[in-house]
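Working through the structure, step by step
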Amino acid sequence: MTPSPVPATDATFDFALLQQSAARTGSRNRRALWWLLGLLALLLGSVVTLLLYLNNFEAEEAARRRAAYAQWLAQSAQFHFRRLEDDLLVLSRQAVQQGAGTKGALADESQALKAGMLWREPGVVLSSGWIGAGQLNDPRVGPERWPLDWDVHPDNAEALAMMQSTSQGLRRAAYAGLMLDRKGAATDVVWLAVPFFERGQYMGAYVASLSMQACAQGVVPKWFHQQHAISLISDGADALPGPDADDISPHLVPMNLPGTDLFIEMSPLTTQPAAVPRIFLAVAIVFLMGMLASLWALRRDMRKRQQVQAMLQAQVALRTAMESSVTIGLRAWNRDGQILYVNDAFCRMVGYSANELVGQSAPLPYWPPDHTNELNAVHLDIISQGTEHTGVEVQFQHRTGRRVDVLIHEAPLTTASGEHIGWMSSILDISERKRAQQVAEVQQQKLEASGRLVAMGEVASTLAHELNQPLGALSSFANGLVNRLHSHSITLDEVVPVVERMAKLSERAGNIIQRVNAFARRRELSRQMLDLSAFIKR
């Protein structure tokens with residue numbers, strides 16, 4: 001496990017110059033920024049496309065819904081009018097069976113008729129009655145509104161006569177209208193004639209006047225009225241919506257009544273947007289906002305990472321320059337004694353490359369073979385507890401075989417979380433200092449030898465000076481004593497003082513030698529009281 005460098009802000013150091021090296025990565029950062037902008041443009045384009053698609057989808061959905069409503073309304077109208085025609089056909093059969101007269105009042109049996117909604121809806125059927133086969137085109141016969149509408153306008157009479165002829169000739173129900181008033185304005189009244197044939201013979205027709213506004217309102221249920229406005233128009237070709245009509249434009253539904261040109265105008269009261277596309281759009285917008293937030297956070301993270309990277313590059317550049325400039329060897333190893341890192345100075349110190357040293361464990365290749373056991377003990381001691389502040393002096397062996405004296409200081413190697421993973425060594429080459437110490441010791445020995453020679457000279461001079469007088473006196477006493485003994489001019493009593501004097505001179509010479517010897521050995525001299533008068537006399 002190798003320690004990862006942790007960038008630290010140093011307020012006392014200006015990294016501006018070192019951070020200029022980070023400009024080399026500017027093009028890469030710009031490419032990343034362009035990629036982010038491209039992704040953002042793609043997302044925005046996708047959202048715009050989605051909006052256009054949803055808008056078109058809603059328009060198509062609204063058109064489809066209008067078409068479906070129109071088809072349903074047309075089918076509902078046709079169903080109810082066909083049911084009304086069937087109801088009038090039943091009344092026609094009843095009128096023929098009862099032999100109804102020209103007045104054509106509703107038969108009493110019609111009260112029990114299980115009629116459809118239009119027959120039962122109030123205000124739809126204004127009047128109805130039976131017109132026999134011999135009473136065609138006679139305005140005096142028929143229901144009570146028949147003569148009124150026949151006489152009020154010539155076009156009404158023509159339309160009613162055409163209705164009777166059509167129903168008889170085509171053998172199906174026919175319609176006439178809209179009826180006009182005296183001023184020629186169209187009303188909402190339409191006549192329906194349902195022919196009745198018995199054994200192929202035309203027996204007459206049952207006619208009924210209908211209020212088309214009431215019919216238009218009657219065929220539509222209440223829930224449809226709550227969502228649409230319903231009205232009746234005639235000749236709706238001019239009012240048909242164009243291709244660019246919006247969602248709330250009216251829609252014309254043809255009633256398909258033979259003999260009429262009537263339409264039901266259906267206008268939506270409120271728009272009903274499709275819920276699923278809008279939910280999908282909302283989800284897409286939420287995802288887009290999340291993506292934009294993610295891109296913004298990613299951009300902010302990239303900026304922070306770039307700042308940290310620039311700071312880290314500056315720190316690495318600074319530390320690389322520091323490591324290249326120092327002559328102290330640096331070595332890092334883990335707690336198992338395996339080398340993790342060495343700098344160039346240490347490699348030059350031992351003569352091995354970093355690749356050869358990293359990963360090595362004890363015994364290390366730069367240990368002298370004859371000091372392996374000693375260095376292994378020091379190695380284990382360093383791994384267990386490091387070194388003192390004074391360091392440890394050991395001897396390494398260069399690859400060439402020469403010995404290198406080094407001083408090692410160890411410091412704990414920890415991670416950013418404070419975990420102790422090994423030791424960081426600073427190794428100082430003290431070979432020159434050792435050689436200088438050896439030269440100094442030799443010089444000191446020479447100086448000490450010279451000092452001893454000087455001391456010996458001084459001692460000899462002192463001895464010669466101190467011993468010259470007592471030895472000279474002793475020689476004179478001895479020669480005088482010998483001469484007087486040979487001449488027999490001295491008595492025994494005279495000899496004793498001379499010998500005693502010679503003994504004192506000998507003792508004096510011995511004391512001088514003892515003092516010189518004590519001085520040479522640097523012993524502490526014993527001081528005694530001296531009678532100066534007696535010393536001078538001697």
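Residues numbered from 1 in each chain as written. Predicted model: local features only at pLDDT ≥ 70, side-chain atom pairs only at ≥ 80, totals over all residues. Heavy atoms only, no water.

1. A word on a nonpolar patch on the surface
There is a patch of nonpolar side chains on the surface, built from L33, W34 and L37 and spanning about 320 Å² of accessible area. Look at W34 and you get exposed, because its relative accessible area is 63%. (Patch = residues over 30% accessible without salt bridge, like charges linked within 9 Å, V, L, I, M, F, W, Y side chains within 5 Å. Areas by Shrake-Rupley, 256 points an atom, 1.4 Å probe, with all protein chains shown as cover. Salt bridge = Lys/Arg side-chain N within 4 Å of Asp/Glu carboxyl O. Buried < 20%, exposed > 50% of the residue type's maximum accessible area, 1.4 Å probe, protein only.)

2. Remarks on the packing of helix α4 (residues 145-152) against helix α5 (residues 154-170)
Running from N to C, α4 and α5 point in directions that differ by 125°, and their axes come no closer than 6 Å. With respect to each other, α4 and α5 are oriented oblique. Residues W146, D149, W150 and V152 of α4 lie in contact with α5, whose contacting residues are N156, A157, L160, A161, M163 and Q164. For the contact of α4 with α5, the class distribution of residues is seven nonpolar, two polar and one charged. (Axes fitted to C-alpha atoms, helices over the stretch in contact; angles between N-to-C directions. Helix = DSSP H or I, 4+ residues; strand = E, 2+ residues; numbered from the N terminus. Parallel < 35°, antiparallel > 145°, perpendicular 65-115°, else oblique. Contact = heavy atoms within 4.5 Å. Nonpolar A, V, L, I, M, F, W, Y, C, P; charged D, E, K, R; others polar.)

3. Focus on the confidence of the model for the protein
Mean pLDDT over the protein stands at 77; residues scoring 70 or higher make up 85%. The weakest mean pLDDT in the protein belongs to helix α1 (residues 16-19) at 46; the strongest belongs to strand β3 (residues 189-198) at 89. Note on residues 1-15: pLDDT is under 50 here. Beyond four places in sequence and across chains, it has 20 contacts. (pLDDT = per-residue confidence, 0-100.)

4. Some thoughts on the nonpolar core
If you look at the biggest cluster of nonpolar residues, it comprises 38 residues, and the most contacted ones within it are F81, L88, L192, L210, M212, M255 and I264. For this core, the elements supplying multiple residues, two or more each, are α2 (26-98), α3 (117-120), β3, β4 (201-211), α6 (212-218), β5 (228-234) and β7 (262-268). In terms of residue count, α2 provides more of this core than any other element does, eight residues in total. With sequence-adjacent residues up to four places away left out, L192 is seen in contact with L84, E85, L88, M163, A173, A174, Y175, Y206, V207, A208 and L210. Listed in part, the 21 residues of the second largest apolar core include I339, C347, Y366 and L375. (Core = buried A, V, L, I, M, F, W, Y, C linked by side-chain atoms within 4.5 Å.)

5. Side note on the pattern of salt bridges
Inspection of every chain in the model, using the stated rule, returns ten salt bridges. With a closest N to O distance of 3.5 Å, E85 and R82 form a salt bridge. In this pair, E85 and R82 are both assigned in helix α2, three residues apart and thus about one turn of the helix distant. The network of salt bridges with common partners includes E393, R433 and K434.

6. Observations concerning unusual backbone geometry
Excluding glycine, residues mostly have negative phi values, and the peptide bonds linking residues are mostly trans. Following A362, the chain continues into P363 via a peptide bond in cis, with omega recorded as 0°. Mapping P363 onto the fold places it in the loop between α10 (354-357) and α11 (372-385). Located in the positive-phi region is R171, a residue other than glycine, with phi close to 60°. With phi around 55°, R199 is a residue other than glycine that occupies positive phi space.

7. A few points about the pairing of strand β12 (residues 420-429)
Of the strand pairs in this sheet, strand β8 (residues 329-334) and β12 are connected by six bridges, and their pairing is antiparallel. Bridged to A332 within β12 is M424. Pairing between strand β11 (residues 403-414) and β12: nine bridges, direction antiparallel. Paired with L413 across the two strands is G422, which belongs to β12. Linking β11 back to β12 in an antiparallel pair, the connection comprises five residues, with G418 at a positive phi of about 90°. (Pairing = 2+ DSSP bridges.)

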